[in-house]
Amino acid sequence: SERASATPTPRRRRRRRTTFIHGRLMMDSRLVTLGAAFTSGLLGGSLLTWAMSGRGNAHKEQLPRSGGVDDNDDDGKSSPNLSEKEAIKVASTSSFPEAVVVLGGGRPAKLSDPPAFVKNRCDVAARIYQEARKSGRRVVIVTLSAGSAHTPQLLNEGGRPIWESAASAAYIVKKYGIDPGDIVMETTSYDTIGNAYFARTQICDPMGWRRVWVVTSEFHMPRTQAIFDWIFSCEGPFRHSYAPIRYVSTANVGLTDDALKARKEKEAMSLAKHVEPRARQITTLKGVLLFLTTDHGMYSVKGLKQAPEAVSEELKNSYRAS
């Protein structure tokens, strides 16, 4: 009887096989999720993304997933748009942001010297950061953009690019003395869609931040808001949800009347022609990645053969610091 009990019955064999298959499926699903994370852009060109993955728990202490955020604080009923004064006031409350995302906007004159309207964005982001820190909140500033499609890249003495995001970060550190460990640079994107996609896939998703604020100029805000709402609502490999993004508009300083008019016209055209149709059609991060790497002029092989977009000199000059 002892020997008989040790011999697996057909039912036991089926049960063991089911358990084995279930275990394999769980392992395979984890591998698929990991693979999806990588193909969604986590291996893009951001040096900070590499640094995050290499610092382990020590880096988590520097850039925490949550600075005491109550996930139930923001129920989506409050307005997503804030003025500069409102944003600085809210930063000291329990609705403070975990990440303040600052968009680039043009070629810097030198390191720490971005265009005037970008400096204004950085000023507001720094004040939000400072107000939150006064109240004991932990906030990270994220500066965006490698460069622009409309102007050549500024190079340093060694021939390497000075990213727009680097110029913004250097400006903030130099003017406000903010700890460089509280600033993250994104160095892959060349347009606003890329700004949103790489900010999410390279930085915000891996860090697990839920409450994100976006700072940009008034003329740039309608298209920025449409793009970030689209990209941050796309289905992706990470299983955490974002609170409704809040948007902080800054003044349109440093642009001539003609340049501002040209920028607003371009923004409106691009929103209607390029952003809104794609936002309706593409609902996953994989879909966005495929669009960027197969159709977009700045990120696809096909784009290598495309002629640069024809724009006026006034518009071109608006992408350069004076």
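Everything below is about the structure shown above.
The residue numbering used here restarts from 1 in each chain and proceeds along that chain's sequence as written. Restriction of local features to residues with pLDDT of at least 70 applies here, the model being predicted, together with a cutoff of 80 or more for giving and counting side-chain atom pairs; totals for whole chains, interfaces and linings are based on all residues. Note: side-chain values were computed over all heavy atoms of the structure, leaving out hydrogens and water.

With that settled, the discussion passes to the overall build of the protein chain. Helix and strand assignments come from DSSP, with helices taken as H or I runs of at least 4 residues and strands as E runs of at least 2, each series counted from the N terminus. Within the protein chain, the regular secondary structure consists of eleven helices and six strands. Across the 322 residues that make up the protein chain, the buried fraction comes to 46%. Should any heavy atoms of two residues lie within 4.5 Å, those residues are counted as being in contact. Summarising the internal contacts of the protein chain: among those between residues at least 6 apart in sequence, 79% fall at separations of at least 24. Surface accessibility in these figures is a Shrake-Rupley result with a 1.4 Å probe; residues are shielded only by whichever protein chains are displayed. Here the protein chain displays about 16600 Å² of accessible surface, and carbon together with sulfur accounts for 54% of that area. Exposure categories follow from relative accessible area, calculated using a 1.4 Å probe and restricted to protein chains: below 20% of the type maximum is buried, above 50% is exposed, and the middle band is partly exposed.

Further remarks concern the packing of aromatic side chains. Note on aromatic pairs: the rings of Phe, Tyr and Trp (six-membered ring only in Trp) are paired at centre separations within 6.5 Å, and the planes decide the class, stacked below 30 degrees, edge-to-face beyond 60, tilted for the rest. According to the stated counting rule, one finds five aromatic pairs in the structure shown. We call a charge positioned above a ring when the Lys NZ or Arg CZ atom is no farther than 6 Å from the ring centre and deviates by at most 35 degrees from the ring normal. Between the NZ or CZ atom of Arg263 and the centre of the ring of Tyr319, over which it lies, the distance is 3.8 Å.

Turning next to the sheet that holds strand 5 (residues 212-217). Strands are treated as partners if at least two bridges between them are detected by DSSP. Strand order across the open sheet formed by six strands is 1-6-5-2-3-4, with parallel pairing between neighbours. In this open sheet, the two strands that pair with only one neighbour each are strand 1 (81-82) and strand 4 (183-185). Two elements, strand 2 (residues 99-102) and strand 5, share four bridges in a ladder whose sense is parallel. Counterpart to Val100 in the pairing with strand 5 is Trp213. With axes taken as lines fitted to C-alpha atoms, and helix axes fitted only over the stretch in contact, angles between N-to-C directions fall between 0 and 180 degrees. In the packing of helix 6 (residues 164-176) onto the sheet, contacts are made with strand 3 (140-143) and strand 4, and the angle to strand 4 comes to roughly 165 degrees.

Let us now look at the environment of Glu265. Tracing the backbone through its elements, the reader meets Glu265 in helix 9 (residues 257-281). Looking at Glu265, the relative accessible area reads 48%, which means it is partly exposed. Each C-alpha atom, one on Glu265 and one on Phe219, is 9.5 Å from the other, the two residues being 46 residues apart in sequence.

The first and last C-alpha atoms of helix 9 sit 35 Å apart over 25 residues, in line with the 36 Å expected at 1.5 Å per residue. If you look at helix 9, its biggest bend is around 40 degrees, right at Leu271. Taken together, the buried positions of helix 9 are Ala259, Leu260, Ala262, Arg263, Lys266, Glu267, Ser270, Leu271 and Val275. Those residues of helix 9 hidden inside the fold are in contact with helix 5 (116-134), helix 8 (221-231) and helix 11 (313-317). The span one expects for a helix is its residue count, reduced by one, times 1.5 Å. The term bend refers to the angle at a residue between two fitted axes, each drawn through seven residues, those ending there and those starting there.

Moving on, we get to the pattern of salt bridges. In what follows, salt bridge is the name for a side-chain nitrogen of Lys or Arg lying within 4 Å of a carboxyl oxygen of Asp or Glu. This structure, assessed with the given rule, holds nine salt bridges. Where Arg133 meets Asp182, a salt bridge forms, and the shortest distance between an N and an O atom there is 3.0 Å. Residue Arg133 is located in helix 5, and its partner Asp182 is located in the loop between helix 6 and strand 4; the two are separated by 49 residues in the primary sequence. The exposure class assigned to Arg133 is partly exposed, which follows from its relative accessible area of 37%.

The subject of this paragraph is the packing of helix 7 (residues 192-207) against helix 8. Where helix 7 contacts helix 8, the two axes come as close as 9 Å, and the packing angle between them is 35 degrees. Note that helix 7 runs across helix 8; the crossing there is right-handed. Residue-level inspection shows Thr192, Ile193, Asn195, Ala196, Tyr197 and Arg200 of helix 7 in contact with helix 8, the latter providing Arg223, Thr224, Ile227, Phe228, Trp230 and Ile231. Grouping the constituent residues of the contact of helix 7 with helix 8 by class yields seven nonpolar, three polar and two charged. Crossings are assigned a handedness: left-handed for a near helix turned anticlockwise from the far helix by less than a right angle, right-handed for a clockwise turn. Here the nonpolar group is Ala, Val, Leu, Ile, Met, Phe, Trp, Tyr, Cys and Pro; Asp, Glu, Lys and Arg are the charged ones; every other residue, Gly included, is treated as polar.

What follows covers the environment of Ala132. Turning to its location among the elements, Ala132 is positioned in helix 5. Here the alpha-carbon distance between Ala132 and Thr93, two residues 39 residues apart in the chain, equals 7.8 Å. Filtering out sequence-adjacent residues up to four positions away, Ala132 remains in contact with Ala91, Arg137 and Val139.

Moving on, we come to the nonpolar core. Val142, Phe228 and Ile231 are the most contacted members of the largest nonpolar core, which totals 37 residues. Sorting the residues of this core by element identifies strand 2, strand 3, helix 7, strand 5, helix 8, helix 9 and helix 10 (285-294) as the ones contributing at least two each. Residue contributions to this core peak at eight residues, all from helix 7. Other than its neighbours up to four places away in sequence, Val142 contacts Ala99, Val100, Val101, Val102, Val184, Ile203 and Trp209. In this text, buried Ala, Val, Leu, Ile, Met, Phe, Trp, Tyr and Cys residues form a nonpolar core when linked through side-chain atoms within 4.5 Å.

Trans is the prevailing form of peptide bonds, just as negative phi is the prevailing case for residues other than glycine. For Ser112, which is not glycine, the phi dihedral falls at a positive 75 degrees. In this structure, Ser112 sits in the loop between strand 2 and helix 5. Phi at Ser145 takes a positive value of approximately 100 degrees, unusual for a residue other than glycine. Tracing the backbone through its elements, the reader meets Ser145 in the loop between strand 3 and helix 6. Since its relative accessible area comes to 4%, Ser145 is described here as buried.

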